[in-house]
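Commentary on secondary and tertiary structure
Listed below are the residues making up each chain.
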Amino acid sequence: MNLTLSTEQSQLKDNAARFVARHGVRGELAGALAHSGGSRRDIWNGAAELGWLGAGLSEDEGGFGGGPVETMVIMEEAGRGLMPEPFLTAAIAARLLAETRPGSDLVAALVSGEEVIVPALDDGRTPGAGTTLSGEAGARTLSGVKELVAAAEHADRLIVSCSTPEGVAALAAIPANVAGVNMDGYRTMDGRRAATISFQAVAVPEDAILALGDKAGAALAAAKDAALAALSAEAVGIASFLIDQTLDYLKTRHQFGQPIGRFQALQHRMADLFVALEEARSLTVMATVSLGGEDTAARARTVSAARIGTISRTLHVAREAIQLHGGMGVSKELPLEYIYRATRVYRIVEGPSEVHRWIIARDLLRNGVRS
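Predicted, not measured: the structure shown is a model, and the values here were computed from it.

Basis of the calculations
- Residues numbered from 1 in each chain as written.
- Predicted model: local features only at pLDDT ≥ 70, side-chain atom pairs only at ≥ 80, totals over all residues.
- Heavy atoms only, no water.
- Helix = DSSP H or I, 4+ residues; strand = E, 2+ residues; numbered from the N terminus.
- Contact = heavy atoms within 4.5 Å.
- Lys, Arg positive; Asp, Glu negative; His and termini not counted.
- Charge placed at Lys NZ, Arg CZ, Asp CG, Glu CD.
- Expected span 1.5 Å × (residues − 1).
- Polar contact = N/O pair within 3.5 Å; in protein donor to acceptor, adjacent residues only side chain to side chain.
- Salt bridge = Lys/Arg side-chain N within 4 Å of Asp/Glu carboxyl O.
- Buried < 20%, exposed > 50% of the residue type's maximum accessible area, 1.4 Å probe, protein only.

The subject of this paragraph is the overall build of the protein chain. Each helix and strand in the protein chain was counted, giving 11 helices and 10 strands. Structurally, the protein chain occupies a C-alpha span of about 80 × 50 × 45 Å along its principal axes. For the protein chain, contacts bridging at least 24 residues in sequence account for 72% of all contacts bridging at least 6. Of the side-chain charges in the protein chain, 36 are positive and 43 negative, and the distance between the mean point of each set is 7 Å.

Over its 30 residues, helix α9 (residues 296-325) runs 43 Å from end to end, which matches the ideal 44 Å to within 8%, given 1.5 Å per residue. A distance of 3.2 Å separates the backbone nitrogen of Ala-297 from a side-chain oxygen at the start of α9, and that oxygen is part of Asp-295. A positive backbone phi angle near 65° is found at Gly-326, which sits one or two residues after α9.

In this section: the pattern of salt bridges. Inspection of the entire model under this criterion finds 17 salt bridges. With a closest N to O distance of 2.9 Å, Glu-153 and Arg-193 form a salt bridge. On the criterion of sequence distance, the pair formed by Glu-153 in the loop between β3 (140-150) and β4 (157-163) and Arg-193 in strand β7 (residues 193-204) is long-range, its members being 40 residues apart. On the basis of relative accessible area, Glu-153 is assigned to the partly exposed category, the value being 40%.

Next up, the structure:
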């Protein structure tokens, strides 16, 4: 299998790197943007003009002829630049729309940046808080609660997962400012914004229902797997940034008349971090490639394994980066403590590691352990 980026993908990576170098947080105090609220609409529009929001969709789906690899390239660069914009939520929304309304006006609005479309998929752990689509065709209403909805306060439209009283899965796209939608926003541990959203008998026109039944379930599964691969790519970018920062520090920080990077013990630790980074990158590539497979169970198992391995390695890199910076590692002059908090948040995004271990174990038990 050829895992080398094509000429077009390499150009996309270079363009993304230049954009991130201009607009990322990396050169700033992390606490300033990191975040006074997160997304910057002008930066979001700039990314849309560069084709970021449609890079992971084929032309038939309404995008620019790309796929999972293009999404991986963009997410890694966004992570390397510590971009606070909700590119992960855009990737999830794009995949949901590609699976349910390919080539539609909704896809065009998302890809152009005209609308920020945010998925609201987490029912949380509150008993009885599940989201229900009630009523007959033409007179449907949406009621319930969604928790931990990232970037909800920036949304123009929400894609809501729900079910009918009969238990049939559904997906609906509704304006974020429609009557009956109430948001309780808050700052998350990484400084970004999220919200708990309550829906109180929100009117849902028939053309706002994206999918029902098996189609809705398949779209959700595809979007969640794509999200895990994109999350892994963003984590790789963050780990890469941390290693670059730490290496520069070891070259400039002097002790006993020489750069501390000359000390063999610290060189061994840096070598360990490079190994962790390359392992995380390989796992991300594995997850990304698996998205093109038709075996949904194998795809879910692969992306769950990649998510566990990538996030654990990024956390290891973050801890070591702080250790190698000494007291400076927890100072506000450097973004390391913010990055560590952001990486901790990754442990629960799209489900904690325990959930993904269960997904892997379930598949192995169903199909037998393969050598």
